[in-house]
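Fold and geometry: a report
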Amino acid sequence: MLNPARGTDVQGDVLLRGGRVEWPVRGALPEDCRRLDCRGFWVLPGLVDMHVHLRTPGMPEAETLETGLRAALAGGVVVVGMMPNTNPPLDDPALVESVLRRADDLGLAEVVPIPCVTRGGRGGRLTDLEAFHSMGIRAFSDDGRPVLPDEAFREACRRVSRFDGVIVEHPENPDLSGGGVVNSGPVADLLGLPGIPEESEWRDVARCVSLLEGTGGRLHLTHLSCPESVRIAASAAARGLPVTCDVTPHHLALNHDAAAVMGTRAKMNPPLRSEESRRELARLCSAGMVQAVASDHAPHTREAKELGMAEAPFGVIGLETLLPVTADVLWRRSGMPPLEVAAMLTTAPASVLGLPAPDLSREDPGSLVLFDPAGEWEYRGGFSRSVNSPFLGTRLTGRVVMTVFRGRVFR
Ligand SMILES: [Zn+2]
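Throughout this document, residue positions are counted from 1 along each chain, in the order its sequence is written. In keeping with the predicted nature of the model, local features appear solely for residues at pLDDT of at least 70, side-chain atom pairs appear and are counted solely at 80 or more, and the whole-chain, interface and lining totals rest on all residues. Water and hydrogen atoms were dropped before computing side-chain values, which therefore reflect all heavy atoms in the structure.

A closer look at the overall build of the protein
Convention followed: Helix numbering and strand numbering both begin at the N terminus, where a helix is a DSSP run of H or I of at least 4 residues and a strand a DSSP run of E of at least 2. Between the two quantities, the radius of gyration covers C-alpha atoms and the globule rule is 2.2 Å times the number of residues to the power 0.38. Burial here depends on accessible area, computed with a 1.4 Å probe over protein chains only, as a share of the maximum for the residue type. Under 20% is buried, over 50% is exposed, and the range in between is partly exposed. In this description, contact between two residues means that some pair of their heavy atoms is separated by no more than 4.5 Å. What sets the accessible areas is the Shrake-Rupley method with a 1.4 Å probe; for residues, cover comes only from the shown protein chains. Here Asp and Glu are counted as negative and Lys and Arg as positive; His is not counted, and neither are the chain ends. We put the charge of a Lys on NZ, of an Arg on CZ, of an Asp on CG and of a Glu on CD.
For the protein, the count of helices and strands is 15 helices and 18 strands. By the compact-globule yardstick of 22 Å for 411 residues, the protein fits well, its C-alpha radius of gyration being 20 Å. Projected onto its principal axes, the C-alpha coordinates of the protein cover approximately 65 × 50 × 45 Å. Every one of the 411 residues in the protein was classed for burial, and the buried ones make up 58%. For the protein, long-range pairs separated by at least 24 residues make up 75% of all intrachain contacts whose partners lie at least 6 apart in sequence. For the protein, the accessible surface area stands at approximately 16,300 Å², while carbon and sulfur atoms represent 49% of it. Across the protein, the centroid of the 43 positively charged side chains sits 3 Å from that of the 52 negatively charged ones.

Right, dumping it as structure tokens:
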């Protein structure tokens, strides 16, 4: 049992009774309960994925709330941080309210909207951050784009500082990445495609860190793909600035060769980087310099992904492979303790989003994941309406056996 909120990694029984999760179990297990032998399995709190594109409203052919949230539960995710670059974008409190109501009615995983920082997410005038805060929302992002211009970024940091909010930055310098398709270097040259340099990312990380200073705001840098970005974030944090970051499973597991082999199933922004950068990114995670892992689940239809490397949209799905791929790279291959891997998928992202820490030992926690870290399976797509994953058809080690969300079992 891995319970990062209390720093505990112990063996023992979990009892599901009448829609409640009991752990630790007081006294002996009831005689009449059904037993599941879970030796060697991990039991951890339901995962928090702070970077998900649910494509609602506006893109039901790629994903709906229902298919997206079922994919989340299949992957052990019970809290979904919903990115705002929908159609229309989540920049209006009434729209966010209506999406939340629909998600509530489904009764599947919990949705935590991350509305736009600027109107339409296109830079410039800010959204009504205070109105969102009064709905209980603390995190904002223009994901898909960086928050521009500089003055809007600073103003947003100042305003969210009044309620301990956070700006979730998609770090990219459009002047350096504009028109790019894959990582700059040999793969871009081989494919004859324009490249996106690592500098495009870390320049924007450096910009945000320097703009943050003196505003009182909090900054979270999402889907960092290169070691230099992590180093800049970590050195800002070491100077006392409230800066955190996350990485994705695909940037930890794959390098830019995948773009040459798999085509658009490995096209995402930021792109997969060199093997050297990939290995260093995983090492920085083990060194504690990255707080969270998030899927950046970004569904697209087959038709859109069949447009070819230059035209197809960026993005890959990842909810259903989040835990297996993360555990494989960080625990199995890099030797990170399971408790630390669990923290990157539960307590750390919850803290960034301003949510209470997921804690198995609370009186009635209600949500957990049962994970077999040695279980082998072939990923053939699942509940998501889309299949644009670089892991499609791959044998994975590590399998989500069961997810319990508010006392209901999904398996
Ligand atoms: Zn992004």
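Now that the structure has been shown, we can carry on.
Some details on the coordination of the zinc ion
Filter applied, for reference: Each metal site lists N, O and S donors within 2.8 Å (3.2 Å for Na, K and Ca). With water left out of the atoms, a site can look as if it is missing ligands.
With distances of 2.1 to 2.3 Å, the protein atoms coordinating the zinc ion are Asp143 (OD), His170 (ND1) and His223 (NE2). Here the donor residues of the zinc ion are spaced in sequence according to D-x26-H-x52-H. Remark: His170 occurs in the loop between strand E10 (166–169) and helix H5 (174–177) and Asp143 occurs in the loop between strand E9 (139–141) and helix H4 (150–161); sequence separation between them is 27 residues. We classify His170 as buried; its relative accessible area is 3%.

A short note on the sheet that holds strand E8 (residues 110–113)
To keep it simple, the criterion reads: Following DSSP output, two strands are said to pair if at least two bridges run between them. Axis geometry follows a simple rule: fit a line to the C-alpha atoms, using only the stretch in contact for helices, then measure angles between N-to-C directions, giving values from 0 to 180 degrees.
Pairing in this open sheet of three strands is parallel, and the strands run E6-E7-E8 from one edge to the other. At either end of the open sheet lies a strand with only one pairing partner, and these are strand E6 (47–52) and E8. Here the average twist between neighbouring strands, direction ignored, is 25°. Here strand E7 (residues 77–82) runs beside E8; their pairing, made up of four bridges, is parallel. Opposite Val80, over in E8, you have Val111 as the bridge partner. Across the sheet, helix H1 (residues 65–74) lies against E7 and E8, angled at about 135° from E7, the strand it touches most.

Some points on the environment of Glu199
Looking at where Glu199 falls in the secondary structure, it is placed in helix H7 (residues 198–212). The class for Glu199 is partly exposed, based on a relative accessible area of 28%. For the pair formed by Glu199 and Glu228, sequence separation is 29 residues and the distance between their alpha carbons is 8.6 Å.

Concerning the packing of H1 against helix H2 (residues 93–106)
The condition that has to hold: In what follows, roughly perpendicular refers to angles from 65 to 115 degrees, roughly parallel to angles under 35, roughly antiparallel to angles over 145, and oblique to any angle outside these ranges. Crossings are classed by handedness, with left-handed meaning an anticlockwise turn of the near helix from the far one by less than a right angle and right-handed meaning a clockwise turn. We call Asp, Glu, Lys and Arg charged. Ala, Val, Leu, Ile, Met, Phe, Trp, Tyr, Cys and Pro are nonpolar, and the rest, Gly among them, are polar.
For the pair H1 and H2, the least separation of the axes is 10 Å and the interaxial angle reads 55°. One finds that H1 runs oblique with respect to H2. For the element pair H1 and H2, the recorded crossing hand is right-handed. On H2, the residues touching Leu65, Glu66 and Leu69 of H1 are Val99, Arg102, Ala103 and Leu106. Of the residues that constitute the contact of H1 with H2, the class distribution is five nonpolar, no polar and two charged.

Notes on the sheet that holds E9
Strand order in this open sheet of five strands is E9-E10-E13-E14-E15, and the pairing throughout is parallel. The outermost strands of the open sheet, each flanked by one partner alone, are E9 and strand E15 (292–293). As paired strands, E10 and strand E13 (residues 218–221) are joined by four bridges and run parallel to one another. Opposite Val166, over in E13, you have Arg218 as the bridge partner.

Regarding the packing of H7 against helix H8 (residues 227–238)
Relative orientation and spacing of two packed helices are given, respectively, by the angle between their axes and the distance between those axes. Where H7 meets H8, the closest approach of the two axes is 8 Å, and the angle between their N-to-C directions is 10°. By the angle class used here, H7 and H8 are roughly parallel. In this structure, H7 meets H8 at a crossing whose hand is right-handed. For the pair formed by H7 and H8, the contact residues are Glu198, Glu201, Trp202, Val205, Ala206 and Val209 on the first element and Pro227, Glu228, Ser229, Ile232, Ala233 and Ala236 on the second. Counted by class, the contact of H7 with H8 contains eight nonpolar, one polar and three charged residues.

Quick look at H2
Quick note on the threshold: Any helix carries an expected span of 1.5 Å times its number of residues minus one. By arc we mean the arc of the directions from the helix axis to the C-beta atoms, nothing more.
Given a rise of 1.5 Å per residue, 14 residues ought to cover 20 Å, and the 20 Å separating the end C-alpha atoms of H2 matches this to within 8%. Taken together, the buried positions of H2 are occupied by Pro93, Leu95, Val96, Val99, Leu100 and Ala103. Seen end-on, H2 carries its buried residues on one side only, within an arc spanning 160°. What points out from H2, more than 90 degrees from its buried face, is the exposed set Ala94, Arg101 and Asp105. Elements in contact with the buried residues of H2: H1, E7, E8 and helix H3 (129–134).

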